[in-house]
Amino acid sequence: TEQRGSGPATASVAPAEWRRGDLSRFLTQNLIMRDPTNASPFAGNIIPASRITNPVALKLFGSPDLYPLPNNTGTGALGITNNFIASQASSVSNHQADAKVDLRPTDKDSISARWSIGRYTFLGSRAALPVLMTGGTEGPTTSAVVNWTHTYSARLVNDSRLSYSRTGVADNTLDWSGLLGNDGNSKFGIAGGQPIAGLSGITLGGGLTGIGAGASIADSKQNNYQAQTHFTYQTGTHLLKFGGQLFRAQQNHYYAGNNGALGTFTYSGGYTGIDYGDFLLNQLSAKGRGAVTGKWGQRHWRNSTYFQDDWKAKRNLTINLGLRWEYISPLNEVANRQVNINTYTGALIYPGKTEFGDALYKPYKKQFMPTIGFAWTPDIA
């Protein structure tokens, strides 16, 4: 499946007078901007050009290729809502394939095998402004299974299976225009470098569309390996079923955190009384940035065994008795990079340094699950 979509997109951009520091329009909303150095009002809500010191504002308003002027009549109380019209586009690619084979090598054996793949990709290929980031998602999957059924006798049949699956989900933040690049923050006067192309997420305030993106990117891959076998045995009035499984999970994850790999900058209006005024004067209220690391990997087993007896005690009464045992091993991190806490003492539990070994808590090995049931058909006169 291939899909391409496009259509109109809107944004709210700063009008020309706002870029010069003329915020008199806010007076219609009874919002008075004050000088954070002495708390006195700016005359007419106009900031002197020399006081506009935010390097992001200076770069933004001096780059019409990145941040053009309004091209549409805005709406809302301040007349700036959706005052810019452009276009957006996206694409979806979803490719899938399957292969299956069935084999009867003997009268007592039946073998089947299946292999499947899926390759899903979503891309936001265009946004209303070059300083707006788009998103993308990749979801590759691969799986394979082999099933073997063997008839030992008219009373005993075995069904065994081996399977493997690999699933992944990666959420990306994209510099769709290529105009920001790997040094987008540096171009806007934001120091500290950046791990991916684009621009940090910045709130402008005043009802304007924020620019950049925090980039809360994530990447998750999981491998599952499973082996299971099931026996069915008929003897007299008993139908016995028993078997078990081995299940190994490998989970590898990365998440940049809520603040994202590029980070965020927030202007709230706590200094001047108007959030957009705080932005122009570079009076930051909050900033944050997430982690930029490799994946962490967790491993564990989920194994089980079971026995069940369907006993036809009478012509009209069947009793079902069963017992299942499961074991889920503690999660281990491949490089011992996880830590737990003892909630009773407050002490940290480090891998390999306590009674738990590389794990961080005790395993539970008594997960027994008995079952009992019956089916009764009353005699009807």
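Right above here is the structure, for reference.
Parameters at a glance
Residues numbered from 1 in each chain as written. Predicted model: local features only at pLDDT ≥ 70, side-chain atom pairs only at ≥ 80, totals over all residues. Heavy atoms only, no water. Helix = DSSP H or I, 4+ residues; strand = E, 2+ residues; numbered from the N terminus. Rg over C-alpha atoms; globule rule 2.2 N^0.38 Å. Buried < 20%, exposed > 50% of the residue type's maximum accessible area, 1.4 Å probe, protein only. Contact = heavy atoms within 4.5 Å. Areas by Shrake-Rupley, 256 points an atom, 1.4 Å probe, with all protein chains shown as cover. Lys, Arg positive; Asp, Glu negative; His and termini not counted. Charge placed at Lys NZ, Arg CZ, Asp CG, Glu CD. Patch = residues over 30% accessible without salt bridge, like charges linked within 9 Å, V, L, I, M, F, W, Y side chains within 5 Å. Salt bridge = Lys/Arg side-chain N within 4 Å of Asp/Glu carboxyl O. Pairing = 2+ DSSP bridges. Polar contact = N/O pair within 3.5 Å; in protein donor to acceptor, adjacent residues only side chain to side chain. Core = buried A, V, L, I, M, F, W, Y, C linked by side-chain atoms within 4.5 Å. Phe/Tyr/Trp six-rings, centres within 6.5 Å; stacked < 30°, edge-to-face > 60°.

Visitor: Help me understand the overall build of the protein in this model?
Guide: Of the regular secondary structure elements, the protein holds 4 helices and 16 strands. A compact globule built from 381 residues would reach a C-alpha radius of gyration of about 21 Å, whereas the protein, at 32 Å, exceeds it by more than 25%. Expressed as lengths along the three principal axes of its C-alpha atoms, the size of the protein is roughly 100 × 55 × 55 Å. A buried classification covers 36% of the 381 residues belonging to the protein. Considering only intrachain contacts with a sequence separation of at least 6, the fraction spanning at least 24 residues in the protein is 67%. Surface exposure of the protein reaches about 20800 Å², of which carbon and sulfur atoms provide 56%. Between the mean site of the 34 positive side-chain charges and the mean site of the 24 negative ones, the protein shows a separation of 4 Å.

Visitor: Can you walk me through a nonpolar patch on the surface in this structure?
Guide: Among the surface-exposed residues, Val339, Ile341, Leu348 and Tyr350 lie close enough to one another that they form a single nonpolar patch of about 360 Å² accessible area. Checked against the element boundaries, Leu348 lands in strand β15 (residues 348-349).

Visitor: Explanation requested: the pairing of strand β8 (residues 238-255) in the structure shown.
Guide: Side-chain positions along a regular strand alternate between the two faces of the sheet. Summarising the sheet, strand β7 (residues 218-235) and β8 pair through 18 bridges and their orientation is antiparallel. Within β8, the position partnered with Gln222 by the bridge is Gln251. Between the end of β7 and the start of β8, which pair antiparallel, lie 2 residues, with Gly236 showing a positive phi angle near 60 degrees. Bridge count between β8 and strand β11 (residues 296-314): 14 bridges; the pairing is antiparallel. Bridge pairing in β11 places Lys241 opposite Gln308.

Visitor: Mind showing me how you'd approach the side chain of Asn158 here?
Guide: Within the secondary structure layout, Asn158 lies in strand β5 (residues 156-174). Asn158 sits in the buried class, given a relative accessible area of 4%. Among the polar contacts made by the side chain of Asn158, one reaches the side chain of Ser160 at a distance of 2.9 Å. Apart from residues no more than four positions distant in its own chain, Asn158 is found in contact with Trp148, Thr149, His150, Tyr152, Thr229, His230 and Phe231.

Visitor: Help me understand the sheet that holds strand β9 (residues 264-266) in this model?
Guide: The sheet built from 3 strands is open, its strands ordered β6-β9-β10 with mixed pairing. Each edge of the sheet is formed by a strand with only one pairing partner; in this case those strands are β6 (201-202) and β10 (286-288). As paired strands, β6 and β9 are joined by 2 bridges and run parallel to one another. Looking at β9, one finds that Ile202 is bridged to Phe265.

Visitor: How should the environment of Ser220 be read in this particular structure?
Guide: One can find Ser220 in strand β7. Ser220 gets classed as partly exposed once you look at its relative accessible area, which sits at 23%. Along the sequence, Ser220 and Gly210 sit 10 residues apart, while their C-alpha atoms lie 28 Å from each other. When near neighbours in sequence (up to four residues on either side) are disregarded, Ser220 contacts Thr167, Gly168, Val169, Asn252 and His253. Side chain to side chain, Ser220 and His253 meet in a polar contact 2.9 Å long.

Visitor: How do you make sense of unusual backbone geometry when you look at a structure like this?
Guide: Most of the time, phi is negative for any residue but glycine, and the peptide bond is trans. Notably, Ala39 is not glycine yet its phi reads approximately 65 degrees, a positive angle. Following the sequence through the fold, Ala39 ends up in the loop between α1 (16-19) and α2 (55-61). Residue Ala39 is classed as partly exposed on the basis of its relative accessible area of 49%.

Visitor: Which parts of the structure should I look at to understand the pattern of salt bridges?
Guide: Close approach of charged atoms allows side chains with opposite charge to pair. As enumerated under the stated definition, the model contains 10 salt bridges in all. Salt-bridge contacts for Arg25 lead to Glu17; the nearest nitrogen and oxygen are separated by 2.3 Å. Across the pair Asp35 and Arg51 runs a salt bridge, and its minimum N-O distance is 2.9 Å. Highlighted residues: Asp35 in the loop between α1 and α2 and Arg51 in the loop between α1 and α2, separated in sequence by 16 residues. What makes Asp35 buried here is its relative accessible area of 9%. Take Arg51: its relative accessible area is 25%, and that puts it in the partly exposed class. The network of salt bridges with shared partners includes Asp219, Lys221 and Lys295.

Visitor: Is there a simple way to explain the nonpolar core in this structure?
Guide: One broad trend across soluble globular proteins is that nonpolar side chains are buried collectively. Counting 49 residues, the largest nonpolar core has Tyr67, Tyr276 and Phe279 as the members making the most contacts within it. Counting residues per element, the ones that place at least two in this core are β1 (2-11), α2 and α4 (275-280). With 4 residues, the single largest contributor to this core is α2.

Visitor: What is the right way to look at the packing of aromatic side chains in this model?
Guide: Aromatic ring pairs: the centre-centre distance and the angle between the two ring planes describe each pair. Taken as a whole and assessed by the stated rule, the structure comprises 9 aromatic pairs. Plain terms: the ring middles of Phe231 and Phe242 are 5.3 Å apart, the flat faces sit at 15 degrees to each other, and that makes the pair stacked. Residue Phe231 is found in strand β7, and its partner Phe242 is found in strand β8; the two are separated by 11 residues along the sequence. Residue Phe242 is classed as partly exposed on the basis of its relative accessible area, which comes to 28%. Aromatic rings pair up to connect Trp18, Phe26, Tyr267, Tyr276 and Phe279 into one cluster.

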